[in-house]
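# Descriptive structure summary
Letter by letter, the chains look like this.
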Amino acid sequence: MTIVASIEATWRIERSKIVAALTRRVRDVGLAEEFAQEALVAALEQWPVEGVPRNPAAWLMTTAKRRAVDTFRRRAVETRVHEQLLSELEIDGEPAAPEVGSSGGDEIEDDLLRLIFIACHPILATEARVALTLRLLGGLSAAEIARAFLVAEATIAQRIVRAKRTLSEARVAFEVPQGADRASRLASVLEVVYLIFNEGYSATSGDDWMRPQLSEEALRLGRILACLLPQDPEVQGLVALMEIQASRAAARVTSTGEPVLLPDQNRARWDRLLLRRGLAALERADALGGAAGPYALQAAIAACHGRAPSAAETDWPRIAALYAVLGQVTPSPVVELNRAVAVAMALGPAAGLAIVDALQSEPRLAGYHLLPSVRGDLLARLGRDDEARAEFERAATLTRNARERAFLMARVLACGHLPRPE
Amino acid sequence: MRFMMLMIPKGYESASPGTMPDAAAVAAMMKYNEELQKAGVLLALDGLHPPSMGARISFEGGRPKVTDGPFAEAKEVLGGYWMIQVRSRDEAIEWAKRCPASGNEVIEIRQVQEMADFPDDVKEAAAGFEKLQGGKAA
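Residues numbered from 1 in each chain as written. Chains lettered and ligands numbered in written order. Predicted model: local features only at pLDDT ≥ 70, side-chain atom pairs only at ≥ 80, totals over all residues.

### Quick look at the overall build of chain B
Under the convention used in this document: Under the DSSP-based scheme used, a helix requires at least four consecutive residues in state H or I and a strand at least two consecutive residues in state E, with every element numbered from the N terminus. Burial in this document is a count-based property: other C-beta atoms within 10 Å of a residue's C-beta are tallied, and the residue is buried at 20 or more, exposed at 12 or fewer, or partly exposed in between, with C-beta positions derived from the backbone. The contact criterion used here is simple: two residues whose C-beta atoms, placed from the backbone, lie within 7 Å are in contact.
The number of helices and strands found in chain B is three helices and six strands. In chain B, the succession of helices and strands from N to C terminus is β-α-β-β-β-β-α-β-α. Expressed as lengths along the three principal axes of its C-alpha atoms, the size of chain B is roughly 45 × 40 × 30 Å. Expressed as a percentage of the 138 residues in chain B, the buried residues total 18%. Contacts in chain B between residues at least 24 apart in sequence constitute 72% of all its contacts with a sequence separation of at least 6.

What follows is the structure, given as structure tokens:
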């Protein structure tokens, strides 16, 4: 292992903490990143010559702070605010030789949490939050983010620059929100993390090589958040959901890249370590009184599948009940459609069909191919082939996914060949 | 990618049954474990009782033969492991370097084989193996 590789690895581990600590001091995340970057450059220059310091992490942090002090001095800032900043920086910019292995403790953790909250600040558009979070917390370059989202690198770079400027101009406080604000701000953080996870997990876009990295990055962020906010049940719920979903990653596609639906997955390929971690996180969410949170509920549904040794042994009555609660917490016709599927599995196709029929006039599902697809499936299981065929045909015209269309057309044909009930 | 950090304490190969690390070493190690967890990289960890409490099953000649520990021929034995998820081998090394290990301890890092690393026929064969692991865990 070369010394440069070692420096870069240390940098990846320490980067977000350094940016966080500096943001609190210089009140500007863009500047903080610049100083942090200067510390990296200094390490790349000095360590190969002078040797690796005893505590590389602390060295990087101290050096970044000193760069900030030097810069403020050079600029000969005269306002009192800046003088105050400067003295603050000088006080904790020159620490006594840090203990080997010292982490800086709670203060660094608080800064990291603040950094997460500003990267996911509602003042930014969702896509800007995602890009900034990956940049600041994940340390991904604009090129890597661009590759993951199939967007031009310049677009991502601009998005990040603009996001930093927006935060700076709005003088967004570098704090962990409290009070009434807290719940919605945290919801924004969790949403961003789950968006990143899903971008990696779903097969919609992006470079195949980058996508597992996105999911891993989101999981890592979720796990960090779970340590920073150990008392928050929805954080645990989100981590549970991501761990359980990630546990199925290897079983979700064939070796040729075709998707495999949940009932058809080879459960032997599920990752038991991640599943176990997910179930443990779900237990923590429950223990914290968060069983009815939207992420915890989705995790509980995923856990029902995860616990079933085979698809036939799935606890569908419980899944149906969980969807009913989820539908109350976050009313949505898609959740209701999922409940219909679970009810059909638990009580038979007729019970499911009653729920689906009630959704027929739902405007938010107009054009949603899974509505006729599910209805067709239930009708077919009831032996109502003509009606089922019409639904599958409709679903096939609505889907934009070629593989799905082929699957639906096969079902159209199957309806024609089944024996008619009297 | 996942790595196992394998802790190899010299002398552990001959440690008597019930040997435990001292409290100060455990305290330092707990702090390290916490660092790993806070960084979001720790997936699992365990410490292992000494080989004098274990047994070795060898298969020479195609028949299993059981030998109770300690194992006179063993030069290095495991004392425990961490399973971490990191972005590179270099990062795994960096984490291993931060371990508050003592002068007689060695950490070996080894990348965990993932399904994607295997050719198709091995994937099929490995699926059955994973099922055994799953049976244990469920």
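Still more ground to cover, so stick around.
### Digging into the overall build of chain A
On a plain count of helices and strands, chain A comes out with 19 helices and zero strands. Here chain A, with 422 residues, has 43% of them falling under the buried criterion. A separation threshold of at least 6 residues defines the contact pool for chain A, and within that pool the share at least 24 residues apart is 61%.

### Some words on unusual backbone geometry
Negative phi is the rule for most residues except glycine; trans is the rule for most peptide bonds. A cis amide bond links B:G69 with the next residue in sequence, B:P70, at an omega value of 0°. If you trace the backbone, B:P70 turns up in the loop between β4 (65-68) and β5 (80-85). Positive phi, normally seen in glycine, also occurs at A:R27, with a value near 60°. Among the secondary structure elements, A:R27 is positioned in the loop between α1 (3-26) and α2 (29-50). On the basis of neighbour count, A:R27 is assigned to the partly exposed category, with 16 C-beta atoms found within 10 Å. In this structure, A:R171 takes a positive phi of about 50° despite not being glycine.

### Comments concerning the confidence of the model for chain A
Stated precisely, the cut-off is as follows: pLDDT: the predictor's confidence for each residue, scored from 0 to 100.
Taken as a whole, chain A shows an average pLDDT of 88; of its residues, 89% reach a score of 70 or greater. Contacts from residues 93-103 of chain A, a stretch scored under 50 in pLDDT, to residues over four places away or in other chains number 13 contacts.

### Here's the deal with the interface of chain B and chain A
For clarity, the threshold we go by: For this scheme, ten residues count as nonpolar: Ala, Val, Leu, Ile, Met, Phe, Trp, Tyr, Cys and Pro. Four count as charged, namely Asp, Glu, Lys and Arg, and the remainder, Gly too, count as polar.
With 28 residues of chain B in contact, the opposing surface of chain A contributes 27 residues. Sorting the residues of the side of chain B that touches chain A by element identifies α1 (23-38), β2 (42-47), α2 (89-97) and α3 (120-137) of chain B as the ones contributing at least two each. Ranked by the residues each element gives to the side of chain B that touches chain A, the list is headed by α3(B), at nine residues. Looking at side-chain class alone, the side of chain B that touches chain A contains ten nonpolar, seven polar and eleven charged residues.

### Let's talk about the packing of helix α6 (residues 126-136) of chain A against helix α9 (residues 180-201) of chain A
Residue and element names in this part refer to chain A. Stated precisely, the cut-off is as follows: Axis definition: a line fitted to C-alpha atoms, limited for helices to the stretch in contact. Angles are taken between N-to-C directions and run from 0 to 180 degrees. Angular relationships are summarised with four words: roughly parallel below 35 degrees, roughly antiparallel beyond 145, roughly perpendicular across 65 to 115, and oblique for the angles in between.
Across the interface, α6 lies against α9 with an axial gap of 10 Å and an inter-helix angle of 80°. Our classification of the angle between α6 and α9 gives roughly perpendicular. Only V192, L195 and I196 of α9 make contact with α6, whose side of the interface consists of R129, V130, T133 and L134. In the contact of α6 with α9, the residues fall into five nonpolar, one polar and one charged.

### Observations regarding the pairing of strand β1 (residues 2-9) of chain B
It is a general feature of regular strands that their side chains alternate between the two faces of the sheet. Residues and elements named next belong to chain B. Operational definition: Whether two strands pair comes down to DSSP finding at least two bridges between them.
Bridge count for β1 against β5 is six bridges, and the pairing is antiparallel. Residue L6 lies in a different strand from β5, and its bridge partner there is Y81. In this structure, β1 lies alongside strand β6 (residues 105-111), joined through seven bridges in antiparallel fashion. Residue M5 lies in a different strand from β6, and its bridge partner there is I109.

### As for helix α13 (residues 294-307) of chain A
Selection rule: One less than the residue count of a helix, multiplied by 1.5 Å, gives the span that helix is expected to have.
For α13(A), spanning 14 residues, the distance from its first C-alpha to its last is 20 Å, which sits close to the expected 20 Å at 1.5 Å a residue. On the buried face of α13(A), the contacting elements are α9, α11 (233-247), α12 (272-287) and α14 (316-329) of chain A.

### Digging into the sheet that holds β2(B)
Residues and elements named next belong to chain B. Judged by pairing direction, the sheet is antiparallel, and its four strands sit side by side in the order β2-β5-β1-β6 without closing on themselves. The sheet terminates laterally at β2 and β6, the two strands that pair on one side only. Averaged over all pairs of adjacent strands, the angle between their axes in this sheet comes to 15°, without regard to strand direction.

### Brief notes about the nonpolar core
Heads up, the condition is: Under the definition applied here, buried Ala, Val, Leu, Ile, Met, Phe, Trp, Tyr and Cys residues are grouped into a nonpolar core through C-beta atoms within 7 Å.
A:L22, A:A299 and B:I84 are the most contacted members of the largest nonpolar core, which has 130 residues in total. Counting residues per element, this core draws most heavily on α1(A), which supplies ten residues. The contact partners of A:L22, leaving out residues within four places of it in the chain, are A:A32, A:F35, A:A36, A:A64, A:K65 and A:A68.

### Details of the packing of helix α7 (residues 142-149) of chain A against helix α8 (residues 153-169) of chain A
All names here are of chain A. Operational definition: Each helix crossing is assigned a hand: it is left-handed if the near helix lies turned anticlockwise from the far helix by less than a right angle, otherwise right-handed if that turn is clockwise.
In the contact formed by α7 and α8, the axes pass within 8 Å of each other and the chain directions differ by 120°. Here the hand of the crossing between α7 and α8 comes out right-handed. Counting all contacts with α7, which are made through A142, A143, I145 and A146, the residues of α8 involved are E153, T155, I156, A157 and I160.

### Quick notes on the environment of A:A240
Residues and elements named next belong to chain A. Among the secondary structure elements, A240 is positioned in helix α11. Here the alpha-carbon distance between A240 and L408, two residues 168 residues apart in the chain, equals 33 Å. Those residues in contact with A240, other than ones at most four positions away along the chain, are G278, A281, L282, A285, A296 and A299.

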